[in-house]
Amino acid sequence: MPLKNKKILVIDDTDSIRTFLRIALEAQGATLYEASNAAEGIELCNSMQPDLVVLDLGLPDRDGLDILPELKSADDNKHIPVVVILSVRKDHSTVNKANLLGVDGYISKPFMMDELLDIIDTKLRVKSIH
């Protein structure tokens, strides 16, 4: 189980995506925490200090790109990989902005779970080396 004992926070307003990710990531041994909006996601991130955050851009209360710096701003959170931005936005300006803001990986919806798991595994291995 490659994600055993890893805490992953999913910030996505779509119930079906959160359910899909919960089933898939818990099957890999992760403990999953869920937020359906930006405010809840920031609060959970600061209180639980996850090993990784999966972030959607299209949140009901704020744009995911706007909260990305906040997710990484607390001293305890600086090294949390926001490994995946799940978004239907594929344009270069959005991807470039996400990269400039410090995202650790970008995946467009629809996505393959294997692709997401590969990125998560890579980022968590890199984090554990540091």
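The paragraphs below set out a description of the structure included in this document. (Residues numbered from 1 in each chain as written. Predicted model: local features only at pLDDT ≥ 70, side-chain atom pairs only at ≥ 80, totals over all residues. Heavy atoms only, no water.)

## Section: the packing of helix 2 (residues 38-48) against helix 3 (residues 64-73)
The following threshold applies: Where helices are involved, their axes are fitted lines through C-alpha atoms of the stretch in contact, as for all axes, and angles between N-to-C directions lie from 0 to 180°. Each helix corresponds to a stretch of at least 4 residues labelled H or I by DSSP, and each strand to a stretch of at least 2 residues labelled E; elements are numbered beginning at the N terminus. Relative orientations are named as follows: roughly parallel for angles under 35 degrees, roughly antiparallel for angles over 145 degrees, roughly perpendicular for angles from 65 to 115 degrees, and oblique for any other angle. The crossing is said to be left-handed when, going from far helix to near helix, the turn is anticlockwise and less than a right angle, and right-handed when the turn is clockwise. Two residues qualify as a contact provided that any one of their heavy atoms is within 4.5 Å of a heavy atom in the partner residue. Amino acids outside the nonpolar list (Ala, Val, Leu, Ile, Met, Phe, Trp, Tyr, Cys, Pro) and the charged list (Asp, Glu, Lys, Arg) are all regarded as polar, and Gly is one of them.
The interhelical angle for the contact between helix 2 and helix 3, taken along N-to-C directions, is 15°, at an axis separation of 9 Å. In this view, helix 2 runs roughly parallel relative to helix 3, as classed from their interaxial angle. Of the two elements, helix 2 crosses helix 3, and the hand of that crossing is right-handed. Contacts from Ala38, Gly41, Ile42 and Cys45 of helix 2 reach helix 3 at Ile67, Glu70 and Leu71. Considered class by class, the residues forming the contact of helix 2 with helix 3 number five nonpolar, one polar and one charged.

## A closer look at the environment of leucine 71
Applied cut-off: Remark: exposure states derive from per-residue accessible area (1.4 Å probe, protein chains only) relative to the maximum for the residue type, with buried under 20%, exposed over 50%, and partly exposed in between.
If you trace the backbone, leucine 71 turns up in helix 3. Given a relative accessible area of 2%, leucine 71 falls into the buried group. Between the C-alpha atoms of leucine 71 and aspartate 13, which are 58 residues apart in sequence, the distance is 17 Å.

## Quick look at the environment of valine 53
Residue placement: valine 53 occurs in strand 3 (residues 52-56). A relative accessible area of 0% places valine 53 in the buried class. Expressed as a C-alpha distance, the spacing of valine 53 and aspartate 104, which sit 51 residues apart in the sequence, is 9.8 Å.

## Points about the pattern of salt bridges
What counts here: When a carboxyl oxygen of Asp or Glu lies within 4 Å of a side-chain nitrogen of Lys or Arg, that pair is called a salt bridge.
Taken as a whole and judged by the stated rule, the model has eight salt bridges. The partner of arginine 18 in a salt bridge is glutamate 34, with the nearest N and O atoms 3.2 Å apart. One end of the pair, arginine 18, is in helix 1 (residues 15-27); the other, glutamate 34, is in strand 2 (residues 31-35), with 16 residues separating them in the sequence. For arginine 18, a relative accessible area of 10% puts it in the buried group. The partly exposed category is assigned to glutamate 34, whose relative accessible area is 24%. The shortest N-O distance in the salt bridge between aspartate 56 and lysine 109 comes to 3.4 Å. Separated by 53 residues along the polypeptide, aspartate 56 in strand 3 and lysine 109 in the loop between strand 5 (106-108) and helix 5 (113-129) bring together distant segments of the chain. Looking at aspartate 56, the relative accessible area reads 5%, which means it is buried. Overall, lysine 109 belongs to the buried group, its relative accessible area being 14%. Overlapping salt bridges, with partners in common, bring together Asp15, Arg18, Arg22 and Glu34 in one network.

## Regarding helix 3
For clarity, the threshold we go by: Directions pointing from the helix axis toward each C-beta atom define the arc. Residues adjacent in sequence count toward polar contacts only when both atoms are side-chain atoms; beyond that, a polar contact is any pair of N or O atoms within 3.5 Å, and within protein one must be able to donate a hydrogen and the other to accept it.
Where helix 3 is concerned, the buried positions are Gly64, Leu65, Ile67, Leu68, Leu71 and Lys72. Projection of helix 3 onto a plane perpendicular to its axis shows the buried side chains occupying an angular sector of 150°, all on one side. In this structure, the buried side of helix 3 is in contact with strand 1 (7-11), helix 2, strand 3 and helix 4 (92-100). Capping the start of helix 3 is the job of one residue whose side-chain oxygen sits 2.7 Å from the backbone nitrogen of leucine 65: aspartate 63.

## Topic: the pairing of strand 2
Where we set the bar: Here a strand pair is declared whenever DSSP counts at least two bridges between the two strands. By convention, orient the strands away from the viewer: a clockwise path from the first strand over the helix to the second makes the crossover right-handed.
Examined bridge by bridge, strand 1 and strand 2 share five bridges and lie parallel to one another. Bridge pairing in strand 2 places isoleucine 8 opposite leucine 32. A crossover links strand 1 with its parallel partner strand 2, the connecting element being helix 1, and its sense is right-handed.

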